[in-house]
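Close look at the chain arrangement
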Amino acid sequence: MLWLMRLSSFFTAALLTVVLSPSLQSFPPAEAIRSSHFDGYLRFPGQIAVPDPRARHFAFRRAPFFRNAGDCEARLEPGNSTVCDPSLVHIAITLDEEYLRGSIAAVHSIIQHSSCPENVFFHFLVSDTGLESLVRSVFPQLRFNVYFFDPNRVRGLISTSVRQALEQPLNYARNYLADLLEPCVRRVIYLDSDLVVVDDVAKLWRYDLGGRTVGAPEYCHANFTKYFTERFWSDRRLSGTFAGRNPCYFNTGVMVMDLDRWRRGSFTRRIEYWMEVQKAGGGSDRIYELGSLPPFLLVFAGRVAPIEHRWNQHGLGGDNVKGSCRDLHPGPVSLLHWSGSGKPWVRLSSGRPCPLDALWAPYDLYGPALRPRKKR
């Protein structure tokens, strides 16, 4: 039966590749004027060497040219718009060496499927400023700022987790977006680095949060109790934080955040409080096990603006089970998320991909630094 399940997953991935791949589907108006991405993926045109010596072991192809469709609200001229322009869609993503290939693919997918890609402004959170020149080389047209996140800001608050990757300080940078980004940025979409967007991100941007601070797809069928320890649930002073709430699990890798409300409510400090409680508990008195997620749940679960599940088809990385492959959840898809321990770029490079990794590959801009052939 195992081979039959794998075969089924293969055909599912093949069908969805045709449906979702930016080279094989009908595009919104902005896509029709771009060169074929799939053709570039095969022949590696315009490959570049990264000028920054600290990033010289990375080689990425330059992204295809993009521009706004004719019906966009505003046509922004490069250099004439600022981060405070009200027509912009703001997206925050972390950049680090381990997940850089994923971050580049995520950005590529967003601009490929956006009808108004020139109106998308990226906020890159880094602990190594040497990656800025790489991004500028791969995406010459991209509107973005880079923000340095000091690892020492959270290092003393981080507890050990079930996976070492979840203990990295940059994984907690999302908690500080309201402090890091310019005060005029009133709303932002936070996205993890291990995903691709296969729909116009402006649709996610326009969600009405209904007065909530955070919007995200919720999964109320999940066993919420497993995200906290027995010690937490047995202590009413701790578990009482959910009194009067109907808490549901949500994945913090895809969130729409109202930064105005976040700042007014001092939510960064509320999250830090629970990290301090966890840290003070030590080994035997821990209140959770899973990295940066539980503090978010403690503060926001039951108070989240619901967003359609299509915007986070998560768990494609195997949910921390090494070597496992997942199929898609039923329903429409706008965003594919390889949360879990298995990352598509690692599995593809090792020659052991899961069927759905084929849906990530068309957005991958990583490749050998080959020089374009000279015309004869």
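As the structure is a prediction and not an experimental result, all values here were calculated from the model.

Calculation rules
Residues numbered from 1 in each chain as written. Predicted model: local features only at pLDDT ≥ 70, side-chain atom pairs only at ≥ 80, totals over all residues. Heavy atoms only, no water. Helix = DSSP H or I, 4+ residues; strand = E, 2+ residues; numbered from the N terminus. Buried < 20%, exposed > 50% of the residue type's maximum accessible area, 1.4 Å probe, protein only. Contact = heavy atoms within 4.5 Å. Areas by Shrake-Rupley, 256 points an atom, 1.4 Å probe, with all protein chains shown as cover. Right-handed = clockwise from strand over helix to strand, strands pointing away. Pairing = 2+ DSSP bridges. Axes fitted to C-alpha atoms, helices over the stretch in contact; angles between N-to-C directions. Core = buried A, V, L, I, M, F, W, Y, C linked by side-chain atoms within 4.5 Å. pLDDT = per-residue confidence, 0-100. Salt bridge = Lys/Arg side-chain N within 4 Å of Asp/Glu carboxyl O.

Description of the overall build of the protein chain
If you tally the helices and strands in the protein chain, you get 14 helices and 11 strands. Burial statistics for the protein chain: of 376 residues in total, 56% are counted as buried. Across the protein chain, contacts joining residues at least 24 apart in sequence account for 75% of those joining residues at least 6 apart. Of the accessible surface of the protein chain, which amounts to about 17,600 Å², a share of 53% is contributed by carbon and sulfur atoms.

Re the pairing of strand 1 (residues 89-95)
Among the 7 residues of strand 1, 7 are classified as buried, and the element is accordingly described as predominantly covered. Residue alternation in strand 1 divides its side chains into two sets, Val89, Ile91, Ile93 and Leu95 and His90, Ala92 and Thr94, and both sets are buried. Crossover connection from strand 1 via helix 4 (residues 100-113) to parallel strand 2 (residues 120-126): handedness right-handed. The sheet contact formed by strand 1 and strand 4 (residues 187-191) spans 2 bridges and is parallel. Bridge pairing links Ile91 to Ile189 in strand 4.

Quick look at the sheet that holds strand 10 (residues 305-306)
The strands making up a sheet are joined through hydrogen bonds of the backbone, oriented either antiparallel or parallel. One open sheet holds the 7 strands; their spatial order is 3-2-1-4-9-6-10, and the pairing between them is mixed. The outermost strands of the open sheet, each flanked by one partner alone, are strand 3 (143-148) and strand 10. Relative to strand 9 (residues 254-258), strand 6 (residues 214-216) runs antiparallel, the two being bridged by 2 bridges. Within strand 9, the residue paired with Gly215 across the bridge is Val256. With respect to the sheet, helix 4 is in contact with strand 1, strand 2 and strand 4, its orientation differing from that of strand 1 by roughly 165°.

Observations regarding the nonpolar core
Note that soluble globular proteins tend to have their nonpolar side chains buried in a common cluster. One finds Leu177, Leu181, Phe228, Trp262 and Phe300 to be the most contacted residues of the largest nonpolar core, which totals 51 residues. Looking at which element gives the most residues to this core, the answer is helix 13 (residues 293-300), with 6 residues. Judged by nonpolar contacts, the second largest core, of 40 residues, contains Phe66, Ile93, Ala106 and Phe122.

Considering the confidence of the model for the protein chain
Per-residue pLDDT for the protein chain has a mean of 83; in total, 77% of the residues score no lower than 70. This stretch, residues 1-8, has a pLDDT under 50; its non-local contacts, to residues over four places away or in other chains, come to 3 contacts. Scored below 50 in pLDDT, residues 21-56 shows 82 contacts in the model against residues more than four places distant or in partner chains.

A short note on the pattern of salt bridges
Between side chains of opposite charge, a pair can form as their charged atoms come close. Under the counting rule described, the total for this entry stands at 13 salt bridges. When the shortest N-O distance is used, the salt bridge between Glu272 and Arg269 registers 3.3 Å. Linking Glu272 with Arg269, this pair stays in helix 12 (residues 267-281), spanning 3 residues, or about one helical turn. Under the relative-accessibility criterion, Arg269 is labelled partly exposed at 41%. One salt-bridge network, in which partners are shared between bridges, spans Arg186, Asp260 and Arg263.

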